[in-house]
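One letter stands for each residue in the lines below.
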Amino acid sequence: MTISSMVNNIYDIAGIRVICPFITDVYQIAQMLITQTDVELMQMKDYIKDPKENGYRSLHLIVKITVFFSDTTHQVPIEIQLRTIAMNFWASTEHQLRYKKDKEFTPEMHQRLKTCAELMADADYQMQKLAEEIHF
């Protein structure tokens, strides 16, 4: 792999995760970011509107920003993940349970995790509705 190949093919040299209280906050912050003149949106993956098969939800942005070095500047792609507290709880816990374990992850376990993701999504929706009702 060459430097040129890495620059052209790696889009998450740096990453940022933003945790928000409400779903609407996720989209408002994303909109604020991508309308900045020094941020170029390269790709958006909306796993909130279209969750992954396992139940994962989050909004992923790949953006290019200018990074200043001692003698030059470069446009560098970074990944920004925006999610709610509930989405982050599920994703962090799912990762802890599923990865780097010696025990086989069964289809029944997969389904239970997906059910938990749906419960978290419902909690997000209910909290959003409450916030709207009290004009938060």
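Rules used throughout
- Residues numbered from 1 in each chain as written.
- Predicted model: local features only at pLDDT ≥ 70, side-chain atom pairs only at ≥ 80, totals over all residues.
- Heavy atoms only, no water.
- Buried < 20%, exposed > 50% of the residue type's maximum accessible area, 1.4 Å probe, protein only.
- Helix = DSSP H or I, 4+ residues; strand = E, 2+ residues; numbered from the N terminus.
- Pairing = 2+ DSSP bridges.
- Expected span 1.5 Å × (residues − 1).
- Arc of directions from axis to C-beta.
- Contact = heavy atoms within 4.5 Å.
- 1 Å grid on protein atoms, 1.4 Å probe; cavity = no way out; pocket = protein on both sides within 12 Å on 5 of 7 lines; lining within 4 Å.
- Points joined across faces, edges and corners; volume = space filled by probe spheres on them.
- Nonpolar A, V, L, I, M, F, W, Y, C, P; charged D, E, K, R; others polar.
- Axes fitted to C-alpha atoms, helices over the stretch in contact; angles between N-to-C directions.
- Parallel < 35°, antiparallel > 145°, perpendicular 65-115°, else oblique.
- Left-handed = near helix turned anticlockwise from the far one by under 90°.
- pLDDT = per-residue confidence, 0-100.

A. Focus on the pairing of strand E4 (residues 73-84). Counting buried positions along E4 yields 9 of 12 residues, so the element is predominantly enclosed. With 7 bridges connecting them, strand E1 (residues 14-20) and E4 associate as parallel partners. Note that in E4 the partner of Gly-15 across the bridge is Glu-79. Following strand E3 (residues 59-68), the chain reverses through 4 residues before pairing antiparallel with E4.

B. Inspection of helix H2 (residues 23-34) at higher detail. Between its terminal C-alpha atoms H2 stretches 17 Å, which fits the 16 Å expected from 12 residues at 1.5 Å a residue. For H2, the set of buried residues is Ile-23, Asp-25, Val-26 and Ala-30. Angular distribution of buried residues about the axis of H2 spans 155°; they occupy a single face of the element. Lining the buried residues of H2 we find E1, E3, E4, helix H3 (85-98) and helix H4 (107-133).

C. Structural context of the layout of surface pockets. Estimates place the volume of the largest pocket at around 250 Å³. As for the largest pocket, its lining consists of Arg-17, Lys-52, Asn-54, Tyr-56, His-60, Gln-81, Arg-83, Ala-91, Ser-92, Glu-94, His-95 and Tyr-99. Looking at the lining of the largest pocket, the elements with two or more residues in it are E4 and H3. Element by element, the count of residues in the lining of the largest pocket is highest for H3, at 4 residues. Taken together, the residues of the lining of the largest pocket sort by class into 3 nonpolar, 5 polar and 4 charged.

D. A look at the packing of H3 against H4. Close contact between H3 and H4 brings their axes to 9 Å; oriented N to C, the two are set at 165°. For the element pair H3 / H4, the angle class is roughly antiparallel. With respect to the hand of their crossing, H3 and H4 are arranged in right-handed fashion. Each of Ala-86, Met-87, Phe-89, Trp-90, Glu-94, Leu-97 and Arg-98 in H3 lies in contact with H4, whose residues at this interface are His-110, Leu-113, Cys-116, Ala-117, Met-120 and Asp-124.

E. View of the confidence of the model for the protein chain. Put simply, the protein chain has an average pLDDT of 91, and 93% of its residues get 70 or more. For the protein chain, the element scoring lowest by mean pLDDT is helix H1 (residues 3-9), at 68; H2 scores highest, at 97.

F. Summary view of H4. Helix length check: H4, at 27 residues, gives a terminal C-alpha distance of 39 Å against a target of 39 Å (1.5 Å per residue), a fit within 8%. Of all the residues in H4, the buried ones are Leu-113, Lys-114, Ala-117, Asp-124, Gln-128 and Ala-131. Packed against the buried residues of H4 are H2, E4 and H3. Looking one or two residues beyond H4, the residue adopting positive phi is His-135, at roughly 55°.

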